[in-house]
Amino acid sequence: MSSFALTTFSIRLLAVAAAVVLAVGIGHDLLHMPLQIGDSLAPLLDAVRGSSPWSEFRGHLAQSGYFRPMRFAIIKAVSDLANGHYMLAYRLFHALLVLAFLVLFVRALEVRDRVALAVVPLALTVFVGIHTFLGTVKEIYPTNHFLQIAVLALLALNLAQSRGGVLIDLLMLLTLTVAALTLESGLLVAVVIVAAWIAGMPGVSRRTVVGVTALVGGYAVLRFWIFATGLPTVEERSTGFLLEALSPPQIRERFGDNLLPLYVYNIASSISSVLFSEPRSGVWVFVRAIRGDQLAPRHFIQIGASLFATGLLIAYIVSRVRAGVRRPVTLADRHTVIFLLVLAANAAMSYVYTKDEIMSTAGAFYALPVAGAAVYFLRSWSVRPPTWQATAAVCVICLVGSSAWAIRAAGVHHVLRSQAFVQRNDWTRLDREWSRDGNWERYRAQEPLVRELQREAIETRVVNPRFEPRWMERVFDIYY
């Protein structure tokens, strides 16, 4: 008995070790990436001159169109802990979030035997290789709120898979509270908890669902009645539509006051993006590449990988329905139900505008049922092996599909290195752009800090993409 327990522990430890290795590689790229100017510098400077995280929290309770007070409190907290080393502090916080993201994902897989362990590499490459993951590592804002929500959603799932109890209930409610106050899509944590209850996860009780319902109701009262922040509108930012990105004036010109077709398109395209890697941020990149005679291997790799994984998931669902399963029984069943509900809710939140990183939570949960489906078929084939012709065909499909996902996962490093080069060069144009935008007047008192950040960014050693092989741009993903 002790030998079996030790073997199980070793298997789970190997799975976690695989996640840590991936996280260390990505963290290394992040720690060698300068801070962004556009979405990071101003919030960082505002946080530095703020008095405390609590003051930042209170000061952003009534922000028009958004309700993200916790986000600014977290930015301030990291700023206070930086002790002057702001670039290191924010990048280290980002890298630790990535580590937690990957470890929580592997833990949710509940790897307990060699068959499940054999699927872990595929699961991790799908988790890291999906395009929604790029948005959680490429930007920091200066703390990536999309990544924070995805991590909290996976934390809620891990709690739901525990044995439950009053402490677990309180932790889930706390997780939801932090997530909802950090970003609007933090409400997806509530969806995860309720979906886990519907799916029969042992850690979610009826009282947990009652508490979640009360918290969501309280959130609505706070946001829409007490602070009256409202909702984002189409006038605030561009969104992809068919083969192009539309600016707010173009949206109004095309749709007028009837925005329902745009809303339906954004929701449908967000779902399709997670399942098939198209469209990207609302734009059908593959079709546009065909029309412009700019097709590259990366287009086929991305869509082919998604067709493999989504096809595996659909085959699993069909197999379970044919077997007469009417309610979730296994962990893979439960993960499938939770993913489908999270996908629908996440897409619904993208109704105003669609963007890859907005779907990062659904993208993370996508890899869970895919891994479960792979384990299911491996076990089925070990009990009832198919013919050698079918076995050969399946092996070829799995080899091609898993290789495509491995290429996509490796491409994350290419994107991060390319982004680091761009961000370093952006700092060389800081004086001209900030003079044009009037930011120097706003932050004149903090010019010494800005100059120090500029010096650190310019001195950061980054790889010039011009010295990389040309095939990398054609094979690896680029960020749209």
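Residues numbered from 1 in each chain as written. Predicted model: local features only at pLDDT ≥ 70, side-chain atom pairs only at ≥ 80, totals over all residues. Heavy atoms only, no water.

K.L.:
Now, about the overall build of the chain: what can you tell me, with residues and values included?
P.N.:
A count of helical and extended segments in the chain gives 22 helices and two strands. Taken against the 2.2 N^0.38 rule, which gives 23 Å for 480 residues, the C-alpha radius of gyration of the chain at 23 Å falls within 12% of a compact globule. Seen along its three principal axes, the alpha-carbon backbone of the chain occupies a region of about 75 × 55 × 55 Å. Out of the 480 residues in the chain, the part that is buried amounts to 51%. Considering only contacts within the chain whose residues lie at least 6 apart along the sequence, 78% involve residues at least 24 apart. Treating the 44 positive side-chain charges of the chain as one cloud and the 32 negative ones as another, the clouds have centres 9 Å apart. (Helix = DSSP H or I, 4+ residues; strand = E, 2+ residues; numbered from the N terminus. Rg over C-alpha atoms; globule rule 2.2 N^0.38 Å. Buried < 20%, exposed > 50% of the residue type's maximum accessible area, 1.4 Å probe, protein only. Contact = heavy atoms within 4.5 Å. Lys, Arg positive; Asp, Glu negative; His and termini not counted. Charge placed at Lys NZ, Arg CZ, Asp CG, Glu CD.)

K.L.:
Give me the lowdown on the nonpolar core, citing residues and values where you can.
P.N.:
Core analysis: the biggest nonpolar cluster contains 106 residues, and Phe105, Phe127, Phe365 and Tyr366 have the highest contact counts within it. Those residues in contact with Tyr366 that lie beyond four places of it in its chain are Val126, Ile130, Val274, Leu275, Ser306, Ala309, Thr310, Phe339 and Trp405. In terms of nonpolar packing, the next biggest core, distinct from the first, is built from 32 residues, Ala47, Met87, Trp434 and Trp440 among them. (Core = buried A, V, L, I, M, F, W, Y, C linked by side-chain atoms within 4.5 Å.)

K.L.:
Tell me about the packing of aromatic side chains, residues and numbers included.
P.N.:
Applying the stated criterion across every chain, the model contains 16 aromatic pairs. When the ring of Phe339 is compared with that of Tyr366, the centres are 5.7 Å apart and the planes differ by 55°; the resulting orientation is tilted. Taken together, the positions of Phe339 in helix H16 (residues 331–348) and Tyr366 in helix H17 (residues 360–383) put the pair 27 residues apart, joining distant regions of the chain. A network of ring pairs unites the aromatic residues Phe101, Phe105, Phe127 and Phe133 as a single cluster. (Phe/Tyr/Trp six-rings, centres within 6.5 Å; stacked < 30°, edge-to-face > 60°.)

K.L.:
Just give me the short version of helix H5 (residues 86–109), but keep the residues and values in it.
P.N.:
Under the 1.5 Å per step criterion, the end-to-end length of H5 is 35 Å for 24 residues, consistent within 8% with the ideal 34 Å. Phi turns positive one or two residues past the end of H5, at Glu110, with a value near 50°. (Expected span 1.5 Å × (residues − 1).)

K.L.:
Please provide a residue-by-residue account of unusual backbone geometry, values included.
P.N.:
With an omega of -5°, the peptide bond between Glu278 and Pro279 qualifies as cis. Within the fold, Pro279 resides in the loop between helix H13 (260–276) and helix H14 (285–291). Its identity is not glycine, yet Leu242 carries a phi of approximately 60°, on the positive side. Within the secondary structure, Leu242 sits in the loop between strand S1 (239–241) and strand S2 (244–246). Even without glycine at this site, Ser277 takes up a positive phi of about 65°. Residue placement: Ser277 occurs in the loop between H13 and H14. A relative accessible area of 1% places Ser277 in the buried class.

K.L.:
Run through the packing of helix H9 (residues 166–182) against helix H10 (residues 188–199), naming residues and quoting values.
P.N.:
As a packed pair, H9 and H10 sit with axes 8 Å apart at the nearest point and diverge in direction by 150°. Taken as axis vectors, H9 and H10 run roughly antiparallel relative to one another. Contacts between H9 and H10 involve Met172, Thr175, Leu176 and Ala179 from the first element and Val189, Ala190 and Ile193 from the second. Of the residues assigned to the contact of H9 with H10, the class counts are six nonpolar, one polar and no charged. (Axes fitted to C-alpha atoms, helices over the stretch in contact; angles between N-to-C directions. Parallel < 35°, antiparallel > 145°, perpendicular 65-115°, else oblique. Nonpolar A, V, L, I, M, F, W, Y, C, P; charged D, E, K, R; others polar.)

K.L.:
Tell me about the confidence of the model for the chain, residues and numbers included.
P.N.:
Predicted coordinates in areas of low pLDDT are best not read in detail. Taken over all residues, the pLDDT of the chain has a mean of 86, while the share at 70 or more is 98%. A low-confidence stretch, residues 1–5 (pLDDT under 50), is modelled with zero contacts involving residues beyond four sequence positions or located in other chains. (pLDDT = per-residue confidence, 0-100.)

K.L.:
Now, about the pattern of salt bridges: what can you tell me, with residues and values included?
P.N.:
In total, this model carries 20 salt bridges according to the counting rule given. The salt bridge involving Arg254 is made with Glu244; its shortest N-O contact spans 3.0 Å. Note that Arg254 is positioned in helix H12 (residues 248–255) and Glu244 in strand S2, a separation of ten residues in sequence. A salt bridge links Arg280 to Asp356, with the shortest nitrogen-to-oxygen separation between them at 3.1 Å. With Arg280 in the loop between H13 and H14 and Asp356 in the loop between H16 and H17, this pair connects stretches of sequence that are 76 residues apart. With relative accessibility at 1%, the residue Arg280 sits in the buried group. (Salt bridge = Lys/Arg side-chain N within 4 Å of Asp/Glu carboxyl O.)

K.L.:
Please set out the environment of Arg291 residue by residue, giving values where relevant.
P.N.:
Summarising the element assignment, Arg291 is placed in helix H14. For Arg291, a relative accessible area of 67% translates into the label exposed. Distance in space between the C-alpha atoms of Arg291 and Leu22 is 37 Å, their sequence separation being 269 residues.

K.L.:
Please give an account of the side chain of Ser277 that cites residues and values.
P.N.:
One polar contact links Ser277 to Ser306, side chain to side chain, over a distance of 2.5 Å. The contacts of Ser277, once residues within four sequence positions are left out, are His131, Ser272, Gln302, Ser306 and Arg408. (Polar contact = N/O pair within 3.5 Å; in protein donor to acceptor, adjacent residues only side chain to side chain.)

K.L.:
Mind laying out the environment of Phe365, listing which residues take part and the relevant values?
P.N.:
Considering the arrangement of structural elements, one finds Phe365 in helix H17. For the pair Phe365 and Trp434, spaced 69 residues apart in the sequence, the C-alpha separation amounts to 40 Å. If we ignore the near neighbours within four places in the chain, the residues touching Phe365 are Ala153, Leu154, Leu157, Val192, Ile338 and Phe339.

K.L.:
Can you break down the environment of Gly129 residue by residue, with the values?
P.N.:
Relative to the elements of secondary structure, Gly129 occurs in helix H6 (residues 114–129). Exposure remark for Gly129: the relative accessible area of 7% places this residue in the buried category. Sequence spacing of Gly129 and Val400 is 271 residues, and the spatial spacing of their C-alpha atoms is 15 Å. Once residues lying within four places of it in the same chain are set aside, the contact partners of Gly129 are Trp405, Arg408 and Ala409.

K.L.:
Before we move on, can you summarise the side chain of Asn144 with the specific residues and values?
P.N.:
Following the sequence through the fold, Asn144 ends up in the loop between helix H7 (131–138) and helix H8 (145–160). One polar contact links the side chain of Asn144 to the main-chain carbonyl oxygen of Gly135, over a distance of 2.8 Å. Here Thr136 takes part through its backbone oxygen, which lies 3.4 Å from a polar atom of the side chain of Asn144. Once you skip the residues sitting within four places of it in the chain, Asn144 turns out to touch His94, Gly135, Thr136, Val137 and Glu139.

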